[in-house]
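Below are the chains, spelled out letter by letter.
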Amino acid sequence: MAELLRSLQDSHLVARFQRHCGLYPAPPEAPQEPAAGSGDRAPHPDSRHPQAVNGKGGRSGASPQPLTQKYIVKNYFYYYLFKFSAALGEEIFYITFLPFTYWNIDPYVTRRLIMTWVVIMYIGQILKDILKWPRPSTPPVVKLEKRLADEYGMPSTHAMAATAISFTFLFSTMNRYKYPFASGLMLAIFFSTMVSLSRLYNGMHTVLDVIGGILISGLFIAVTYPAWDLIDHLESASLLFPICIFIVPFFLCYNYPVSDYYTPTRGDTTTILAAGAGGIIGFWINPFFKLVSEPTESAIQSIPPLTTKILVLGITKFMVGIVVVFLVRQLMRNLSLQVLYSWFKVVTKNKEARQRLEIEVPYKFVTYSSVGICATVFVPMLHQFLGLL
């Protein structure tokens with residue numbers, strides 16, 4: 001078993017997967033060739049990706065070693081397929097998919113998705129900084145994501161989130177809507193598999209990291225699934241619930257495990273917990289304004305046909321909502337940073353000050369909890385005012 005685990009953690013296994021998919025490190029340059037940065041000195045100019053030259057991997061003083069790497073793409077189908085798949089595990093996906101699901105598909109299902117996503121991501125992020133297992137080594141692996149290169153590897157939170165989101169969506173809808181369960185299961189497996197494989201293609205995780213992330217999410221869903229209905233009603237059980245939802249996540253973020261050097265993990269964790277806390281507060285507020293109706297015990301619903309009217313209405317609601325969400329995000333971000341800079345007497349242009357615990361956690365928590373509340377309360381109010389509900 002120990003030998004199997006070591007083989008699954010081997011960086012050469014990741015490198016072989018990359019080579020099989022047509023991703024190679026660029027050969028060393030001859031001494032007389034120009035310095036990194038010019039795009040015409042690669043030994044294979046036709047197969048070289050135009051943005052294959054990466055700069056330093058870490059932020060200033062963030063990483064113990066820089067990452068400067070060039071690579072050659074020989075199969076652009078896999079390159080764009082896994083680039084797209086990796087984006088399905090990024091912030092841009094969740095800040096669009098979860099609100100879209102809430103505004104257009106099913107608020108009840110979205111509530112479960114957000115709760116699962118927040119808890120599973122916190123577990124994954126904190127395990128990274130507790131275990132402190134390194135990412136695959138370079139060489140032989142080609143790393144395509146500069147921002148996350150400073151984080152630790154085990155487990156893969158992309159694999160965890162993709163598995164948790166896809167199967168929570170499946171199990172939350174199978175008793176509410178009529179559709180072939182086998183088709184839903186295949187889509188869930190396909191989604192989580194593509195995101196997981198993208199972590200190997202991008203060189204950000206070992207096979208063991210990915211398998212570990214999938215297993216953790218699977219175990220979490222298996223253990224918590226019987227209690228999902230009970231958890232759904234906890235938020236209305238006490239008036240102290242919204243206070244706890246703010247205090248507990250903020251405490252967890254502020255007491256996040258200290259890393260040997262700065263990584264984006266604490267900030268990303270704060271973003272996730274804050275957005276989740278804001279969203280859950282919104283779920284608690286909604287019944288007072290009758291913005292969302294609770295699910296009934298009626299028969300399973302049929303999925304309505306996708307007509308032009310429904311499509312246009314859905315896109316309109318999404319565009320109106322996402323514009324408001326991004327405006328609130330920018331406003332609260334700037335406002336909270338200005339207040340914190342003034343309080344701690346920090347120069348406004350000092351961007352590295354955002355990495356300080358007493359600034360990073362409060363500004364991100366205020367910003368993204370506001371985003372969560374806005375998406376679940378104020379945007380539905382706006383939809384109602386505009387006659388889009």
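Residues numbered from 1 in each chain as written. Predicted model: local features only at pLDDT ≥ 70, side-chain atom pairs only at ≥ 80, totals over all residues. Heavy atoms only, no water.

(A) Quick look at the overall build of the protein chain. Regarding its fold elements, the protein chain presents 13 helices and four strands. Relative to its full complement of 389 residues, the protein chain shows a buried share of 49%. When contacts within the protein chain are restricted to residue pairs at least 6 apart in sequence, those whose partners lie at least 24 apart make up 78%. About 19800 Å² of surface is accessible on the protein chain, with carbon and sulfur atoms providing 68% of the total. (Helix = DSSP H or I, 4+ residues; strand = E, 2+ residues; numbered from the N terminus. Buried < 20%, exposed > 50% of the residue type's maximum accessible area, 1.4 Å probe, protein only. Contact = heavy atoms within 4.5 Å. Areas by Shrake-Rupley, 256 points an atom, 1.4 Å probe, with all protein chains shown as cover.)

(B) Just the packing of aromatic side chains, in detail. Scanning the entire structure with this criterion turns up 18 aromatic pairs. Consider the rings of tryptophan 103 and phenylalanine 318, whose centres lie 6.3 Å apart with planes at 55°: the pair is tilted. Of this pair, tryptophan 103 sits in helix α4 (residues 91-105) while phenylalanine 318 sits in helix α12 (residues 308-343), placing them 215 residues apart in sequence. The same class applies to tryptophan 103 as to phenylalanine 318, namely buried. With a centroid separation of 6.2 Å and 45° between ring planes, the pair formed by phenylalanine 167 and phenylalanine 171 is classed as tilted. With a gap of four residues between them, phenylalanine 167 and phenylalanine 171 both fall in helix α6 (residues 157-173), about one helical turn apart. (Phe/Tyr/Trp six-rings, centres within 6.5 Å; stacked < 30°, edge-to-face > 60°.)

(C) Looking closely at the nonpolar core. Core analysis: the biggest nonpolar cluster contains 56 residues, and Tyr94, Trp103, Trp117 and Val325 have the highest contact counts within it. The greatest single-element share of this core, amounting to eleven residues, is contributed by helix α5 (residues 107-131). The residues contacting tyrosine 94, other than those within four sequence positions of it, are Leu88, Gly89, Pro99, Trp117, Ala161, Ala162 and Ile165. Tyr71, Tyr79, Phe82 and Leu144 belong to the second largest nonpolar core, which has ten residues in total. (Core = buried A, V, L, I, M, F, W, Y, C linked by side-chain atoms within 4.5 Å.)

(D) Region of the structure containing the layout of surface pockets. Its volume calculated, the second largest pocket comes out at about 1000 Å³. Residue lining of the second largest pocket: 50 residues in total, with Glu91, Asp268, Thr271, Lys364 and Tyr368 positioned closest to the centre. Mapped onto the lining of the second largest pocket, the elements with two or more residues apiece are α4, α5, α6, α11 (265-289), α12 and α13 (357-385). Top contributing element to the lining of the second largest pocket by residue count: α13, with eight residues. Its residues assigned to classes, the lining of the second largest pocket comprises 20 nonpolar, 14 polar and 16 charged. (1 Å grid on protein atoms, 1.4 Å probe; cavity = no way out; pocket = protein on both sides within 12 Å on 5 of 7 lines; lining within 4 Å. Points joined across faces, edges and corners; volume = space filled by probe spheres on them. Nonpolar A, V, L, I, M, F, W, Y, C, P; charged D, E, K, R; others polar.)

(E) Inspection of a nonpolar patch on the surface at higher detail. Together, Leu306, Ile310, Leu311, Ile315 and Met319 make up a nonpolar patch on the protein surface, roughly 490 Å² of accessible area in all. Structurally, leucine 306 is set in the loop between β4 (301-302) and α12. (Patch = residues over 30% accessible without salt bridge, like charges linked within 9 Å, V, L, I, M, F, W, Y side chains within 5 Å. Salt bridge = Lys/Arg side-chain N within 4 Å of Asp/Glu carboxyl O.)

(F) Molecular detail of the side chain of lysine 128. Looking at the element boundaries, lysine 128 is found in helix α5. Of the polar contacts made by the side chain of lysine 128, one reaches the side chain of threonine 157; its length is 3.3 Å. The contacts of lysine 128, once residues within four sequence positions are left out, are Trp133, Arg135, Glu151, Tyr152, Gly153, Met154, Pro155, Thr157 and His205. (Polar contact = N/O pair within 3.5 Å; in protein donor to acceptor, adjacent residues only side chain to side chain.)

(G) How the structure looks around the environment of asparagine 175. Within the fold, asparagine 175 resides in the loop between α6 and β3 (177-178). Exposure remark for asparagine 175: the relative accessible area of 52% places this residue in the exposed category. Placed 125 residues apart in sequence, asparagine 175 and isoleucine 300 show a C-alpha to C-alpha distance of 6.3 Å. When sequence neighbours within four positions are dropped, the list of residues in contact with asparagine 175 reads Tyr225 and Ile300.

(H) Structural view of α4. With 15 residues, α4 should reach 21 Å at 1.5 Å per residue; the first-to-last C-alpha distance of 20 Å fits that figure. Within α4, burial applies to Phe93, Tyr94, Ile95, Leu98, Pro99, Thr101, Tyr102 and Trp103. (Expected span 1.5 Å × (residues − 1).)

(I) Inspection of the confidence of the model for the protein chain at higher detail. Summary statistics for the protein chain give a mean pLDDT of 79 and a share of 85% for residues scoring 70 or more. The spread of mean pLDDT over the elements of the protein chain runs between helix α9 (residues 228-234), the lowest at 74, and helix α8 (residues 207-224), the highest at 91. In this model residues 33-66 is a low-confidence stretch, pLDDT under 50, and it forms 63 contacts with partners more than four residues away in sequence or in other chains. (pLDDT = per-residue confidence, 0-100.)

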